[in-house]
Every structure is written in structure tokens, then in C-alpha cells.
Amino acid sequence: MSSSVARRSNPTAWAAFWVGLLGLILMPIPLFIGFVLGGGLSLVAAVLVVIALLKGLARSGSGIAPVVFAGIFVLLTWGGISVGGGIVW
């Protein structure tokens, strides 16, 4: 790969995507297990979303789609936890 070819992928965006998805999948586990695992992973994904969004905007919008989906996963996880997911389900 030559230096004139710009990297089009955003690895931080994909990390945020997969961590956010894993947090959403683990959130419904009852007895505070889902709250700790899903909530913890969603917090990590939220930080990665901010970092990936800033990196993507600095590269003229490169890799924004996975960041948007990761943000949606984080919001769904937090919404599920707010109605009792991972705690009493």
C-alpha cells in the first residue's frame, strides 16, 4: 500500500460497532449480570463511538456508518437497562 492511497477504513468505528453489539446482546441476562456486562460494554462502546466519530470526521467522513450503528446499539442497551433489562428480567 503506497503512502498516496488514503486508508478508508476506521478500525475504531468497527471496534465500537462490535463492542456495542455485544453489550446489546448481553444486556437481557437477569440478576444484574446483564447490567454489569452489557452496561459496562456499552460504556466502553460509547467512548469508542466518540473517538471514532472524531477520527471519521477528520478523514472526511470515513467510517461513519459503523459509528452510527454503534451509537444506536448503545442507546438501545441503555434504554433496555432503564426499563429493567439485566436487573429483573
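Please refer to the structure higher up on the page.
Residues numbered from 1 in each chain as written. Predicted model: local features only at pLDDT ≥ 70, side-chain atom pairs only at ≥ 80, totals over all residues. Heavy atoms only, no water.

Participant: I'm lost on the nonpolar core in this one. Help?
Facilitator: Taken as a class, soluble globular proteins show a tendency for nonpolar side chains to be buried jointly. Of all hydrophobic cores here, the largest spans 9 residues; its members are Ala-13, Ala-16, Phe-17, Leu-48, Val-49, Ala-52, Val-67, Ala-70 and Phe-73. At the level of elements, helix H1 (11-26), helix H2 (33-58) and helix H3 (64-82) are the ones that each hand at least two residues to this core. When sequence neighbours within four positions are dropped, the list of residues in contact with Val-49 reads Ala-16, Val-67, Ala-70 and Gly-71. (Core = buried A, V, L, I, M, F, W, Y, C linked by side-chain atoms within 4.5 Å. Buried < 20%, exposed > 50% of the residue type's maximum accessible area, 1.4 Å probe, protein only. Helix = DSSP H or I, 4+ residues; strand = E, 2+ residues; numbered from the N terminus. Contact = heavy atoms within 4.5 Å.)

Participant: Explain the packing of aromatic side chains here, please?
Facilitator: One pass over the structure, following the stated rule, counts 4 aromatic pairs. Look at Phe-17 and Phe-73: their rings are 5.3 Å apart centre to centre, the planes differ by 55 degrees, and that puts the pair in the tilted class. In this pair, Phe-17 is assigned in helix H1 and Phe-73 in helix H3, connecting sequence segments 56 residues apart. Taken individually, Phe-17 and Phe-73 each receive the classification buried, so the pair is uniform in this respect. Joined through ring pairs, the aromatic side chains of Trp-14, Phe-17, Trp-18 and Phe-73 make up one cluster. (Phe/Tyr/Trp six-rings, centres within 6.5 Å; stacked < 30°, edge-to-face > 60°.)

Participant: What is the right way to look at the environment of Gly-80 in this model?
Facilitator: Within the secondary structure layout, Gly-80 lies in helix H3. Of the residues examined, Gly-80 reaches a relative accessible area of 8% and is grouped as buried. The sequence separation of Gly-80 and Gly-38 amounts to 42 residues, and the corresponding C-alpha distance is 10.0 Å.

Participant: What is the right way to look at unusual backbone geometry in this model?
Facilitator: What you tend to see is this: most non-glycine residues have negative phi, and most peptide bonds are trans. At Leu-31, a residue that is not glycine, the phi angle is positive and equals roughly 65 degrees. Of note, Leu-31 is situated in the loop between H1 and H2. On the basis of relative accessibility, which here comes to 67%, the residue Leu-31 falls in the exposed class. Positive phi is not limited to glycine here, since Phe-32 has a value of about 65 degrees. For Phe-32, the position within the fold is in the loop between H1 and H2.

Participant: Looking at this structure, I do not really get the side chain of Ser-42. What am I missing?
Facilitator: By the secondary structure assignment, Ser-42 is in helix H2. Polar side-chain contacts of Ser-42 include one of 2.8 Å to the side chain of Trp-78. Setting aside residues up to four positions removed in sequence, Ser-42 forms contacts with Val-74, Thr-77 and Trp-78. (Polar contact = N/O pair within 3.5 Å; in protein donor to acceptor, adjacent residues only side chain to side chain.)

All quantities given are derived from atomic positions and should not be read as evidence of function.
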